[in-house]
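# Descriptive analysis of the structure
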Amino acid sequence: MGRLLIIGCGGVAGVAIHKCCQNSKTFSEICIASRTKVKCDALKEKLENTTETKITTAQVDADKVEELIALIQSYQPDAVLNVALPYQDLTIMDACLACKVDYIDTANYEPEDTDDKQWREIYEKRCKEAGFTAYFDYSWQWAYQEKFKEAGITALLGSGFDPGVTSVFTAYALKHYFDEIETIDILDCNGGDHGYPFATNFNPEINLREVSANGSYWENGHWVETEPMEIKREYNFPQVGEKDMYLLHHEEIESLAKNVPGVKRIRFFMTFGQSYLTHMKCLENVGMLSTSPILFEGKEIVPIQFLKALLPDPASLGPRTVGKTNIGCIFTGKKDGKEKTIYIYNVCDHQECYKEVGSQAISYTTGVPAMIGAALVVDKVWDKDGVFNIEEFDPDPFMDMLNQYGLPWVVDENPQTVE
C-alpha cells in the first residue's frame, strides 16, 4: 500500500494514472499534479468511481523547486513519478533529494533553452569528449549518484518503452539467453495512421528536436555520428509489415553502452513515412524547428513552441489512430560458446489502447512501463540507493508485469536481422 505523487497530466501521464488505478494493491493513493489543475481534476472525476485508489489533485509549476518541495512535504508520497517534460527532470530530482523521496522518470534531461551560455559551455565540452552532439544525455542525472546514495533514496531513470522496456529486454536477454551480448539493434515501428497530413505521436517539441538531430550509434567503444536520416534500412515487422526505418541517436544507447559488459555495437532505428519526413524537412528549412527565440510583433516566441501550438495534441489522436506498433530489440551474442540471435518485441494495437484507456499506443507503451517502474520502487522490489538506469535492476518482475498490464512480449529465436 503506497502513496505516489504523479507530476504531469499529458497523454503518457493519463495512461500511467489509469494503470495506477488498476493496481490499487500497490497504489492506495495517488496525487495528480500539473501546472493546469483543471486537467488533473477532469481525470480524477473520470476515474475515481472505477478504482479503490484514492485520487487527489494539486497545482504545481515543475520548473520551480520550491513549489515541488512544498507539494512533496504536504502530500508525503512514497515516491514521485515524473511524467512531465524532460526539461523538468533536474528540478524534480532536486525536490526529491531535498525531501528524501524516491524518483522515477521516463526520459533523460534536456534543456529547454539550448542557447543558455552556461549550459552550452558544458554541452560543447561534452560533444568533444563523448563524440555525439545530441542535446539530451544522462550526464546531468548521473551526476546525482552520490547525493541520492547519501540520502538513502532511489532514482530510477528511463522507465518508459524506449528507453525503458527496451533496456529491460536487454537485461532479460543477458540474464536468460546470453553469456555475452555483442550487438543490440533497437527497432521502434509505429504502423499507425491518424489521418492527419502531419502530426507527432508524442510531444511535438521533443519529437521534432529528436528526429531532426544527427544520428549516432555505439561501436567498438566509441560513438559514430551520422547526418540526420543518413542511414536507412527496411524491415518486415511482425503484425505490421515492411517499413522504412532510419538510424537515430537515442538515450538508452548511452546507458546500455555503460551497463552491458563487452557490447560491441548498439543502434537505434525508428520508422517514418515519406510524408512525415517531407513535412519535417520543409518545417526545418523555414526555421520552424528552431529552439532559439525570435521577436514577432514585439513579442519573443520560440518557433518550435509556436509550431507545437499549431499541431494536433498527441493526446487527441487516440480515436483517429488505427494500426499497430512493434517495438523491440534484436540481440546477437554467445551462449555456451555458440553464436545466438534473438528478437524480443511487443506489438500494441492503437484501437485496443483507446478502448481501454482513451489513448493511442505511443502514449500507452510509455505510460504502462512508467507505472510498472513506479510500482517496483514503491513496493521495494527494486530498492537501491543512488541513481540507476532501468537495466541495472532484476528484469524478471518487470517482464512479468508487462504481461499482466497490457504489453505482452514475444521472444523470436530465429529473427530477420538488420544489415
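These numbers were taken from a predicted model, which means no experiment stands behind them. (Residues numbered from 1 in each chain as written. Predicted model: local features only at pLDDT ≥ 70, side-chain atom pairs only at ≥ 80, totals over all residues. Heavy atoms only, no water.)

## Notes on the overall build of the chain
Within the chain one finds 15 helices and 18 strands. In the chain, which comprises 419 residues, the proportion classed as buried is 57%. Counting only contacts in the chain whose residues sit at least 6 apart along the sequence, the fraction spanning at least 24 positions is 73%. A total of about 17,300 Å² of accessible surface is found on the chain, and carbon and sulfur atoms cover 48% of it. For the chain, the centre of its 39 positive side-chain charges and the centre of its 64 negative side-chain charges are spaced 1 Å apart. (Helix = DSSP H or I, 4+ residues; strand = E, 2+ residues; numbered from the N terminus. Buried < 20%, exposed > 50% of the residue type's maximum accessible area, 1.4 Å probe, protein only. Contact = heavy atoms within 4.5 Å. Areas by Shrake-Rupley, 256 points an atom, 1.4 Å probe, with all protein chains shown as cover. Lys, Arg positive; Asp, Glu negative; His and termini not counted. Charge placed at Lys NZ, Arg CZ, Asp CG, Glu CD.)

## What about the pattern of salt bridges?
When charged atoms on two side chains of opposite charge get close, those side chains can pair. Applying the stated criterion across every chain, the model contains 21 salt bridges. Where K37 meets D41, a salt bridge forms, and the shortest distance between an N and an O atom there is 3.1 Å. Here D41 and K37 lie together in helix α2 (residues 37-47), a separation of four residues that amounts to about one turn. Judged by relative accessible area, which is 28%, D41 ranks as partly exposed. With a shortest N-O distance of 3.1 Å, D102 and K380 are connected by a salt bridge. Here the residue D102 occupies a position in strand β5 (residues 102-105), and K380 occupies one in the loop between α14 (361-378) and β17 (386-389), the gap between them amounting to 278 residues. Using a relative accessible area of 4% as the deciding quantity, one classes D102 as buried. Here the residues in one salt-bridge network are R35, D61, D63 and K64, joined through shared partners. (Salt bridge = Lys/Arg side-chain N within 4 Å of Asp/Glu carboxyl O.)

## Let's talk about the environment of P163
Structurally, the position occupied by P163 is in the loop between β6 (154-157) and α8 (165-176). Here P163 falls in the buried class, since its relative accessible area comes to 5%. Spatially, the C-alpha atom of P163 lies 13 Å from that of I104, the residues being 59 residues apart in sequence. Setting aside its immediate chain neighbours within four residues, P163 contacts T106, Y138, G158, H250, E251 and E252.

## Examining the packing of helix α1 (residues 11-22) against α14
Contact geometry of α1 with α14 gives a least axis separation of 7 Å together with a crossing angle of 50 degrees. As far as their axial angle goes, α14 and α1 are oblique. Crossing geometry of α1 relative to α14 is assigned as right-handed. On α14, the residues that touch G11, V12, V15, A16, K19 and C20 of α1 are S363, Y364, T366, G367, V368, A370 and M371. Within the contact of α1 with α14, the residues separate by chemical class into eight nonpolar, four polar and one charged. (Axes fitted to C-alpha atoms, helices over the stretch in contact; angles between N-to-C directions. Parallel < 35°, antiparallel > 145°, perpendicular 65-115°, else oblique. Left-handed = near helix turned anticlockwise from the far one by under 90°. Nonpolar A, V, L, I, M, F, W, Y, C, P; charged D, E, K, R; others polar.)

## What to know about the sheet that holds β5
What the seven strands build is an open sheet, ordered β3-β2-β1-β4-β5-β6-β17; its pairing is parallel. Strands at the two margins of the open sheet, each flanked by one partner only, are β3 (54-59) and β17. Neighbour-to-neighbour, the strand axes of this sheet turn through a mean angle of 20 degrees, independent of strand direction. When strand β1 (residues 2-7) meets strand β2 (residues 27-34), the two strands line up parallel, connected through six bridges. (Pairing = 2+ DSSP bridges.)

## Notes on α14
Between its first and last C-alpha atoms α14 spans 26 Å; for 18 residues at 1.5 Å apiece the expected length is 26 Å, and the two agree. In terms of burial, α14 is a largely internal element, 18 of the 18 residues being buried. Measuring from the side-chain oxygen of the N-cap residue of α14 to the backbone nitrogen of I362 gives 2.7 Å; that N-cap residue is Q360. Backbone geometry just downstream of α14 places K380 in the positive-phi region, at approximately 65 degrees. (Expected span 1.5 Å × (residues − 1). Polar contact = N/O pair within 3.5 Å; in protein donor to acceptor, adjacent residues only side chain to side chain.)

## Considerations on the nonpolar core
In terms of nonpolar packing, the biggest core is built from 92 residues, with L4, I30, F169 and F331 touching the most fellow members. Looking at which element gives the most residues to this core, the answer is α14, with 11 residues. By size, the runner-up hydrophobic cluster in this structure holds 29 residues, among which are C31, V60, I72 and L157. (Core = buried A, V, L, I, M, F, W, Y, C linked by side-chain atoms within 4.5 Å.)

## Some points on the UniProt feature "domain: Saccharopine dehydrogenase-like C-terminal" (unreviewed entry) in the chain
What UniProt calls "domain: Saccharopine dehydrogenase-like C-terminal" (unreviewed entry) maps, in this numbering, to residues 160-407. Span residues 160-407 is 34% helix and 30% strand, its end C-alpha atoms 12 Å apart. (UniProt positions renumbered as here; feature names shortened; annotations may be inferred.)

## Some thoughts on the environment of E219
If you trace the backbone, E219 turns up in strand β8 (residues 215-219). Measuring from C-alpha to C-alpha, the distance between E219 and K264 comes to 5.5 Å, with 45 residues separating the pair along the chain. With residues up to four places along the chain from it excluded, the contact list for E219 reads V224, K264 and R265.

## Overview of the pairing of β3
As paired elements, β2 and β3 share six bridges and run parallel to each other. Opposite C31, over in β3, you have T56 as the bridge partner. Handedness of the crossover joining β2 and β3 through α2: right-handed. (Right-handed = clockwise from strand over helix to strand, strands pointing away.)

## Here's the deal with the UniProt feature "domain: Saccharopine dehydrogenase NADP binding" (unreviewed entry) in the chain
Under the local residue numbering, the UniProt record ascribes the feature "domain: Saccharopine dehydrogenase NADP binding" (unreviewed entry) to residues 5-156. Between the end C-alpha atoms of residues 5-156 there is a gap of 15 Å, over a span that is 46% helix and 18% strand.

## Quick look at the side chain of H250
When you line up the elements, H250 lands in the loop between β11 (241-247) and α10 (251-259). Judged by relative accessible area, H250 falls into the buried class, the value being 3%. At 2.6 Å, the side chain of H250 forms a polar contact with the side chain of E252. When sequence neighbours within four positions are dropped, the list of residues in contact with H250 reads F136, D162, P163, E210 and F268.

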